[in-house]
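Examination of the molecular architecture
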Amino acid sequence: MGMPQDDVDATGLVARALAPYGERPGPEGVAALIDDLITCGRKLRDALAEAPSQQRPAGAFEALAEWEYFAAVGPLGSGPHANWNHARGLARIIRQLMRALEHAAEVSAS
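The following paragraphs examine the structure supplied in this document. Only a predicted model underlies this, so the values are computations on that prediction, with no experimental measurement involved.

Ranked by internal contacts, the top residues of the largest apolar core, which has 27 residues, are Leu33, Leu37, Leu44, Leu48, Trp67, Ile94 and Leu97. Here this core takes ten residues from helix α4 (residues 80-109), the largest share from any one element. Once you skip the residues sitting within four places of it in the chain, leucine 33 turns out to touch Leu13, Arg16, Ala17, Trp84 and Ala87.

Dropping the structure here:
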């Protein structure tokens, strides 16, 4: 078990979404980034959900619940900052999911 392997680099997506505000892409770029983050986050969520509960770190349940909420609710508010802030929130949760999966893989390997 470990990080799902596909054509989307989770670390790269997180870095793009957590870039300084001055490096924010235009509206179409933010929308595409959100789509990529949601696709990536779903794969991470599924992989973590498949891990035995005793291999998950303490914060895994909260990260999964937070993911479900943020992915379902979407941006809060309107305008370009709402979408950018939503992308950044998704990226932070993805980072938590990645850490939880890394922990689960370490526990599984030991």
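Our focus in this paragraph is the environment of isoleucine 34. Residue position: isoleucine 34 is located in helix α2 (residues 27-50). Under the relative-accessibility criterion, isoleucine 34 is labelled buried at 11%. Separated by 34 residues in the primary sequence, isoleucine 34 and glutamate 68 place their C-alpha atoms 15 Å from one another. Isoleucine 34 has contacts with Asn83, His86, Ala87 and Leu90, leaving out every residue within four places of it along the chain.

The end-to-end C-alpha separation of α2 is 35 Å, in line with the 34 Å expected for 24 residues at 1.5 Å each. Buried within α2 are the following residues: Val30, Leu33, Ile34, Leu37, Ile38, Cys40, Gly41, Leu44, Ala47 and Leu48. In the core, the buried residues of α2 are packed alongside α1 (10-17), α3 (60-73) and α4.

Inspection of the secondary structure assignment puts histidine 86 in helix α4. Apart from residues no more than four positions distant in its own chain, histidine 86 is found in contact with Ile34, Phe70, Gly74 and Pro75.

The subject of this paragraph is the packing of α3 against α4. For the pair α3 and α4, the least separation of the axes is 9 Å and the interaxial angle reads 150 degrees. Considered as vectors, α3 and α4 are oriented roughly antiparallel to each other. Note on packing geometry: the crossing formed by α3 with α4 is left-handed. Here Ala60, Ala63, Leu64, Glu66, Trp67, Phe70 and Ala71 of α3 come into contact with α4, specifically with His86, Gly89, Leu90, Ile93, Ile94, Gln96, Leu97 and Ala100.

Applying the stated criterion across every chain, the model contains two salt bridges. Notably, a salt bridge pairs glutamate 68 with arginine 45, separated by 3.1 Å at the nearest N-O pair. Taken as a pair, glutamate 68 in helix α3 and arginine 45 in helix α2 lie far apart in primary sequence, 23 residues in all. Overlapping salt bridges, with partners in common, bring together Arg45, Asp46 and Glu68 in one network.

Parameters at a glance
Residues numbered from 1 in each chain as written. Predicted model: local features only at pLDDT ≥ 70, side-chain atom pairs only at ≥ 80, totals over all residues. Heavy atoms only, no water. Core = buried A, V, L, I, M, F, W, Y, C linked by side-chain atoms within 4.5 Å. Buried < 20%, exposed > 50% of the residue type's maximum accessible area, 1.4 Å probe, protein only. Helix = DSSP H or I, 4+ residues; strand = E, 2+ residues; numbered from the N terminus. Contact = heavy atoms within 4.5 Å. Expected span 1.5 Å × (residues − 1). Axes fitted to C-alpha atoms, helices over the stretch in contact; angles between N-to-C directions. Parallel < 35°, antiparallel > 145°, perpendicular 65-115°, else oblique. Left-handed = near helix turned anticlockwise from the far one by under 90°. Salt bridge = Lys/Arg side-chain N within 4 Å of Asp/Glu carboxyl O.

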